[in-house]
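Observations on the model geometry
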Amino acid sequence: KRVSAANTPDSAQTAMQLVATVRVVNKVVLFTFTRQENDSVHIEPEWDVYQQYGKLLVDRLGVLAKTLTWPPQIDQATAALETLLSTLQPLHSQVPSDAVSLQVAGAAPAGFVRVVVSHLMDLPSQNFSVSTDLTQVDMQRIVGNHTHRLTATLATSYPHTAPSLEYQLPAPLDLGWRPSSTLLDVWNAFNSSLEQHELFWSSVSSLEGKAVILDPSPWRFDCTELRIALQDGVSLLLQFSAPDDFSRPPAVQLLGPDHIKSKVSDALTQFVSNWTADASLAEQLMKAMGSFLQQPSTPGEPTNQPCYDLECSICYSYKLGEEHPDVTCPFKQCSKHFHPSCLEEWLQSLPSARFSFNILFGECPYCENEITLKVKPKT
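The notes below deal with the structure included here. The structure presented is a predicted model; accordingly, all values stated were derived computationally and were not measured. (Residues numbered from 1 in each chain as written. Predicted model: local features only at pLDDT ≥ 70, side-chain atom pairs only at ≥ 80, totals over all residues. Heavy atoms only, no water.)

**So, the overall build of the protein chain**
For the record, the criterion: Each helix corresponds to a stretch of at least 4 residues labelled H or I by DSSP, and each strand to a stretch of at least 2 residues labelled E; elements are numbered beginning at the N terminus. Only protein chains enter the calculation, and the probe is 1.4 Å; a residue is then buried if its accessible area is under 20% of its type maximum, exposed if over 50%, and partly exposed in between. The contact criterion used throughout is that any non-hydrogen atoms of two residues lie within 4.5 Å. In short, Shrake-Rupley with a 1.4 Å probe defines the accessible areas, and a residue's cover is counted only from the protein chains shown.
Secondary structure assignment for the protein chain yields ten helices and 17 strands. Split into buried and exposed, the 379 residues of the protein chain put 42% on the buried side. Put simply, of all contacts in the protein chain between residues at least 6 apart along the chain, 50% involve residues at least 24 apart. Of the roughly 20100 Å² of accessible surface on the protein chain, 49% is carried by carbon and sulfur atoms.

**Brief notes about the sheet that holds strand 10 (residues 225–229)**
Defined as follows: Pairing between strands requires that DSSP locate at least two bridges from one strand to the other. With axes taken as lines fitted to C-alpha atoms, and helix axes fitted only over the stretch in contact, angles between N-to-C directions fall between 0 and 180 degrees.
Strand order in the open sheet made by the four strands is 9-10-11-12, with antiparallel pairing throughout. Of all the strands in the sheet, the pair left with one neighbour each is strand 9 (213–215) and strand 12 (251–255). On average, adjacent strands in this sheet sit at an angle of 30° to one another, irrespective of strand direction. Those strands touched by helix 8 (residues 265–273) are strand 11 (235–239) and strand 12, and its axis lies near 165° from that of strand 12.

**Digging into the packing of helix 8 against helix 9 (residues 281–289)**
Put simply, the test is: In what follows, roughly perpendicular refers to angles from 65 to 115 degrees, roughly parallel to angles under 35, roughly antiparallel to angles over 145, and oblique to any angle outside these ranges. When the near helix sits turned anticlockwise from the far one by under a right angle, the crossing is termed left-handed; a clockwise turn instead gives a right-handed crossing. Here the nonpolar group is Ala, Val, Leu, Ile, Met, Phe, Trp, Tyr, Cys and Pro; Asp, Glu, Lys and Arg are the charged ones; every other residue, Gly included, is treated as polar.
Here helix 8 crosses helix 9 at 140°, and the two axes come no closer than 8 Å. Classified by the angle their axes make, helix 8 and helix 9 are oblique. Read as a crossing pair, helix 8 and helix 9 show a hand that is right-handed. The residues of helix 9 that touch helix 8, namely those facing A267, L268, Q270 and F271, are L281, Q284, L285, A288 and M289. A breakdown of the residues in the contact of helix 8 with helix 9 according to their chemical character gives seven nonpolar, two polar and no charged.

As far as function goes, none of this settles anything; it's purely spatial.
Below you can see the structure in the form of C-alpha cells.
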C-alpha cells in the first residue's frame, strides 16, 4: 500500500510506503519512506538525486532512517531532508565527510529543525548524539583514560538564545555567544579547555595508588582543590588557582593538630619551592614529603588509618564558603577543629573573651582550655 504524505495519519499508520516531496531551490524532489520489519524505516531518493549526490547522500539517509519509527513525522523529516540537501555538494565538487549521527525532532518548529540539523552536520559524528526532539546534544571526547562529556540544551529560539551547558571543567567555558554562533563553537571551546587542563588532570591521576585523597571523594574534573592524607591525622590541602597553568605551584595549607603540623612544615616548604611543571604531582609529593604521606591501604587488609574527619565542631560542616576548619584546639586531648569565622563568633559571645593586637583570646567550646584566634582588623 502506497499513500501520499498528505493523507490522514490513520492512512499512514497502515501504509507500507509514504511519498514525501522536498523543495530544494526551484526543484521538487521525491523521497520514498518504506516500512520495514519492527516498524523501522528505509528512505530512498529519486534516481537523479542519487546520481547528483552519490553515496554520501545514501549514507546520511541511512543514519536518518535509523532514528525514525513507523509512521515517521513527515513534517519534521522533510525539514531535515531539505537542510541535508541544501548542505550537500554535488558529486563533481564533493569533499569527503563523515556520516552525521542525526535524529529528527518530533514536534519542534521547522525553522529550528533546519538550523540544528545544519549545525549538527559540522560536528564529528563519533563524538556526539542528539535527542529525538533535537533539544539536547551530548558531546564527548576521550582524553587519556578519561571520558569527558558536555550536554547542550537548546531552546527553540536557538541560535538567538545561547544553549544551556552542563559539563565538569575547572573553569567556565567562554563562548562569547552570538546569534551567528553554532554548536561547532561549543565543541571547539570544549576541546580547547580539555587540552588546557590535560596536564593538571593527568598529574592528579598520578596520585592513584600512591596517596590517599580525602576530598573530594570521588574526584571530579571540575575540582581545583584536593585534600591529601598525611600521617597522624594531619592532611594537606592543595588549591590550584590556575589549573590550566601547571607551572604555577598550588596554594598549600596543613590541616590538623598544631603540634603535629609543625613536624611537616619544613617538608612542605621544600615541596612548594621546588615545584615544577616537568614532574607529576605524585613525584613531587613523594620527593618532598614521602615520609609523611599516608599510604593507601591494600584491598582486603584491615585499615589502621587515623581519623581525618575535619568537620567544624561548631557548625558541623567541612567547608563554609571558602573557609576550611583550619583552627585546632591546642590541647592535645581535645584537638577539635573550627572554621575561623565560627570560632570568632563563639569567642566574641563569651564575657571572658579578650582582644589584643588582632588576637582574640577565649575558651575552647569543648574542653574550655585557652584557645586563640588571629582575626583580620576591622575596616
